[in-house]
Amino acid sequence: MNDGLISRAKSTPLSPLDDPRSLRRREDERFLTGRGDYLDDRALDGELCAAVLRSPHAHAAIVSIDTSAALALPGVHGVYTTADLADLGPLPSYIVVATVEPLIVPPRLPLAQEIVRHVGDPVAFVVADSAALAREACEHIVVDYDILPSVTELRSAPESDAAQIWPEAPDNIAYRFRRGDAAAVAKAFAEAAHVVTCDLVNNRIVAAALEPRIAVGHFDPQTGVYHLAISGASVHAIRRELAEGVFRLPLDKIQVSCPDVGGGFGMKNVTYPEHALVLWAARKLGRPVRWSAERIEEFTGGVHSRDNISTARLALDKRGRFLALAVETIGNLGAYVSSLGPGSSTNAPAAAMGGLYDIPAMTMDVRGVFTNTAPIDAYRGAGKPEANYLIERLIEKAAHQLRIDPAELRRRNFIRKFPYRSAFGTTIDCGTFAENLDSVLKAADRAGFAARKRAAKKRGKLRGFGIGCFLETSRGQPNEEAWLRLRDDGTIDMAVGTQSNGQGHETSFAQVAAAKLGLPVETFNLVQADTMRVPRGGGHGGARSLHLGGTALVMAADDLIAKAKPIAAQLLQVAADGLVFENGRFRAAAGPDGLPRDIDLFAIDRHLRDGDGSGLESHGDNVCDIITFPNGAQVAEVEIDPETGAISLERYVAVDDYGTLVNPLLTESQVHGGLAQGIGQALMEEAVYDPDSGQLLSATFMDYAMPRADDMPFFELEMVEVPTKANPLGVKGSGQAGCIGAPQTVMNAVLDALRPLGVTHLDMPATPARVWRAIRDARAAQP
């Protein structure tokens, strides 16, 4: 494709700042000058405010609820419990998982019915003149609870003597997921010269987006249409779940829209009880109703992520070649099945299992279990970080167990012939995995590490060098659509079914359309995240936007040219096959008078408007379930104070392949954000519940550590462009990659620093306390 988007087979010598494709984000001007359009900037006439009374207990029966004192407060318009919501159905989960037995999805009503199942479970909904008054009214509601036994520890949940959360889920098991050829794996292990086993915890984390969740409900009695405005994502999926599952209405009776969003990372892709509650209350009271989450509600009432424990085994021959991989996992679902929750421990990791390596046989055996904790759902990568973490930690352990250099062990086992079909049937189309590893080791000056380690030792520090590779599987929901509509002001609306939560789509999509139609980038306006303005869409998630949405936009541009061409021929009085389209214009050979003959798209649009009034519009329908495979090799260097366990991340170097880059600067910014989140999970972030009371111990930023700028080094990123043929742009996606590659890279560096002291295993997060205890225990175990 030669439409101004340059494909490079190898890394560009230009810095992203110097690359002509690196346009600065168009949207940043309004963000930086206070003209962002967030829900808190909008207020509807007559708007009321809501608050949610939440369970203080992990597991309890609701004996009685007395709302009379709350209702008596002046300015309180309604106090509702589940008894008032009899016309609402449960929140559904439409995810399809090929489980051994049917996935158990217990009913999750907008407000708890009879039993609360985690701290933060919604119990009552208060609507008042102000948010402060609504919160005050919550304090006047008297709930009599009968506390029940709870289970928050994942390893204990499937035991027969654990507290039972749902009667329809014996032993708290919601599903059993199996993938792979068990006989082939068993044979490979039986014949293996070496077997390496690793038990790993993937810690529970909280997305903690800068902007908390917000939901504003409005009901139009004239049309019977509900309008939900949210700080969220995936508006079409949320509309479907609310319309079909909760309100039992046709799709066109619910509109879901979303203005600018202050971060989401997956946790805003799902349907929440508050979405249904504000809509129901708006109809009930005849006025718009706004609910805004407080930060503690994001921790207790929002979805969490990751949280699984795995035993992974790797079989190798005597030369260190991989023969088989077997993974057994217990995946936490929390107290309910959230919209996409089961996918994070089943479909998503299966696609990336085995990473960049040629492994002939693999199996997965996953048990999804309920616990008395907040529900688990998607978070940046959603299953791919877990799969990559497993194989990379296993390889590192195998390298030391077999006394093979970790880089060399990876080289011996990289996929080298493409297309490659994995043991689970995933077809990987292209990549330069070995070359990327060689490049990152050179860029990180691995040869000079020994000197840096000696220098650190003189300062009383331990220094570690960690290697980590990753393979992302980008697509998310299959299929995407886009529409182009010319406006009479000389601009073109691009309506795309994906959604930006800060990724820069107003810029990158405009670059794609501008290159295809030969018009200035400023010509294009992004229309997104409104089910009334964008008829269909797959929304946000899975690093899918340019792969699927960008391709749909290219198809819409092709459709626009095809529709306009015969009209241009008619107006120019020439044959259509004699027209050339470039720079937004159709050109024909000069006429008898020698004058050029041409007409632009906007003139054609005006002609149509003057005729039947329809204007020039086009549509691109990208029916596609193909996955792309961003990948990379990364290096981290850490220094550890053995007296305190404190870790300093000294350096982070990456050589990554995201296919063709539409805008290298935006790509690099996406990778930086993902790296920060992956490093945060590795070193500090963890949502912790008390095993006895079920209380969330990390319910505020006082207790939940978030990475800050001074925790990060300057990232050294080289981007290799190996275009994929999965789409006409050659793009692979970059939104999740940093979060997928960083955890294992950092943890391998930490263990490399600690290994001389006898520490051979450590789970995330590698907090100073955990590192200090590991050093102490290793020293105590030595003679």
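Described in the following lines is the structure provided in the data block. (Residues numbered from 1 in each chain as written. Predicted model: local features only at pLDDT ≥ 70, side-chain atom pairs only at ≥ 80, totals over all residues. Heavy atoms only, no water.)

## Remarks on the overall build of the protein chain
Step number 1: For the protein chain, the count of helices and strands is 18 helices and 28 strands.
Step number 2: Compactness check: the protein chain gives a C-alpha radius of gyration of 28 Å against a globular reference of 28 Å for 783 residues, within 12% of the reference.
Step number 3: Here the C-alpha coordinates of the protein chain stretch approximately 100 × 70 × 50 Å along the principal axes.
Step number 4: Sequence separation of 24 or more characterises 80% of the internal contacts of the protein chain that already satisfy a separation of 6 or more.
Step number 5: For the protein chain, the accessible surface area stands at approximately 30,000 Å², while carbon and sulfur atoms represent 52% of it.
Step number 6: Taking the average location of the 80 positive side-chain charges in the protein chain and that of its 98 negative ones, the two points are 7 Å from each other. (Helix = DSSP H or I, 4+ residues; strand = E, 2+ residues; numbered from the N terminus. Rg over C-alpha atoms; globule rule 2.2 N^0.38 Å. Contact = heavy atoms within 4.5 Å. Areas by Shrake-Rupley, 256 points an atom, 1.4 Å probe, with all protein chains shown as cover. Lys, Arg positive; Asp, Glu negative; His and termini not counted. Charge placed at Lys NZ, Arg CZ, Asp CG, Glu CD.)

## A look at helix α15 (residues 601-611)
Step number 1: Of the residues making up α15, those classed as buried are Leu601, Phe602, Ile604, Asp605 and Leu608. Mapping the buried residues of α15 onto a view down its axis gives an arc of 155°, with all of them on the same face. Opposite its buried face, α15 presents the exposed residues Asp610 and Gly611, each directed more than 90 degrees away.
Step number 2: Between the side-chain oxygen of the N-cap and the backbone nitrogen of phenylalanine 602 there are 3.1 Å, and the N-cap of α15 in question is aspartate 600.
Step number 3: Just downstream of α15 lies glycine 613, where phi reads positive at about 80°. (Buried < 20%, exposed > 50% of the residue type's maximum accessible area, 1.4 Å probe, protein only. Arc of directions from axis to C-beta. Polar contact = N/O pair within 3.5 Å; in protein donor to acceptor, adjacent residues only side chain to side chain.)

## Quick look at the sheet that holds strand β4 (residues 115-116)
Step number 1: An order of β4-β2-β6 is seen for the three strands of this open sheet, with the pairing classed as antiparallel. The open sheet has two edge strands with one neighbour each: β4 and β6 (142-147).
Step number 2: Summarising the sheet, strand β2 (residues 60-66) and β6 pair through six bridges and their orientation is antiparallel. Among the inter-strand pairings, alanine 60 is bridged to a residue of β6, identified as isoleucine 147. (Pairing = 2+ DSSP bridges.)

## Describing the pattern of salt bridges
Step number 1: For the coordinates displayed, the defined rule picks out 49 salt bridges.
Step number 2: Arginine 30 serves as the salt-bridge partner of aspartate 260, at 2.5 Å between the closest nitrogen and oxygen. With aspartate 260 in the loop between β11 (254-257) and α6 (273-285) and arginine 30 in helix α1 (residues 28-32), the pair connects residues that are 230 residues apart, well separated along the chain. Residues aspartate 260 and arginine 30 agree in their burial class; the two are buried.
Step number 3: Ionic pairing is found between arginine 30 and glutamate 506, a salt bridge with its closest N-O pair at 2.4 Å. A residue pair is termed long-range when its members are at least 10 positions apart, and arginine 30 in helix α1 and glutamate 506 in helix α13 (residues 505-517) qualify at 476 residues.
Step number 4: The exposure class assigned to arginine 30 is buried, which follows from its relative accessible area of 18%.
Step number 5: Each member of the salt-bridge network shares a partner with another, and the members are Asp445, Arg452, Arg459, Arg463, Glu637 and Glu639. (Salt bridge = Lys/Arg side-chain N within 4 Å of Asp/Glu carboxyl O.)

## Considerations on the environment of serine 160
Step number 1: Along the polypeptide, serine 160 turns up in the loop between β6 and β7 (173-180).
Step number 2: Along the sequence, serine 160 and threonine 82 sit 78 residues apart, while their C-alpha atoms lie 31 Å from each other.

## Structural notes on the pairing of strand β19 (residues 480-486)
Step number 1: In terms of burial, β19 is a largely internal element, six of the seven residues being buried.
Step number 2: Two strands pair when backbone bridges link them, and β19 and strand β25 (residues 617-622) are joined in this way by six bridges, in the antiparallel orientation. Within the sheet, the bridge partner assigned to glutamate 480 lies in β25 and is asparagine 622.
Step number 3: Examined bridge by bridge, β19 and strand β20 (residues 492-496) share five bridges and lie antiparallel to one another. From the neighbouring strand, leucine 486 faces β20, where its bridge partner is isoleucine 492.
Step number 4: Here β19 hands over to β20 after five residues, with glycine 490 in that stretch at a positive phi of 85°.

## Brief notes about unusual backbone geometry
Backbone phi values are negative for most residues with the exception of glycine, while trans is the configuration of most peptide bonds.
Step number 1: The omega angle of the peptide bond from phenylalanine 418 to proline 419 is 0°, so this bond is cis rather than trans.
Step number 2: Within the secondary structure, proline 419 is located in the loop between α10 (406-413) and β16 (420-421).
Step number 3: Along the chain, methionine 764 connects to proline 765 via a cis peptide bond; the corresponding omega equals -10°.
Step number 4: By secondary structure assignment, the location of proline 765 is in the loop between α17 (737-754) and α18 (768-781).

## Observations regarding the sheet that holds β25
Across a sheet, paired strands are connected by hydrogen bonds in the backbone, their directions being either parallel or antiparallel.
Step number 1: The strand order across the open sheet built from four strands is β21-β20-β19-β25, with neighbouring strands paired in mixed fashion. Either end of the sheet is taken by a strand with one partner, and the two such strands are β21 (524-527) and β25. Along the sheet, successive strands turn relative to each other by an average axial angle of 20°, direction set aside.
Step number 2: Across the face of the sheet, α13 comes into contact with β19, β20 and β21 while running at roughly 130° to β21.
Step number 3: Across the sheet, helix α14 (residues 545-572) is in contact with β19, β20 and β25; its angle to β25 comes to roughly 140°. (Axes fitted to C-alpha atoms, helices over the stretch in contact; angles between N-to-C directions.)

## Structural notes on the packing of aromatic side chains
Step number 1: Throughout the structure, instances matching the rule amount to 14 aromatic pairs.
Step number 2: Here the aromatic rings of tyrosine 226 and phenylalanine 247 are separated by 4.9 Å at their centres, their planes lie at 45°, and the arrangement is tilted. Of this pair, tyrosine 226 sits in strand β10 (residues 225-230) while phenylalanine 247 sits in helix α5 (residues 235-247), placing them 21 residues apart in sequence. The two residues tyrosine 226 and phenylalanine 247 agree in class, both being buried.
Step number 3: Put simply, the rings of Phe322, Tyr357, Phe414, Phe418 and Phe433 touch in pairs and so form one group of aromatic residues.
Step number 4: Positioned over the ring face of tyrosine 94 is arginine 240, at 3.9 Å from the centre of the ring.
Step number 5: One Lys or Arg, arginine 313, reaches over the ring of phenylalanine 189 and ends 4.2 Å from the middle of that ring. (Phe/Tyr/Trp six-rings, centres within 6.5 Å; stacked < 30°, edge-to-face > 60°. Lys NZ or Arg CZ within 6 Å of the ring centre and 35° of its normal.)

Don't take any of this as a statement about function, it's just geometry.
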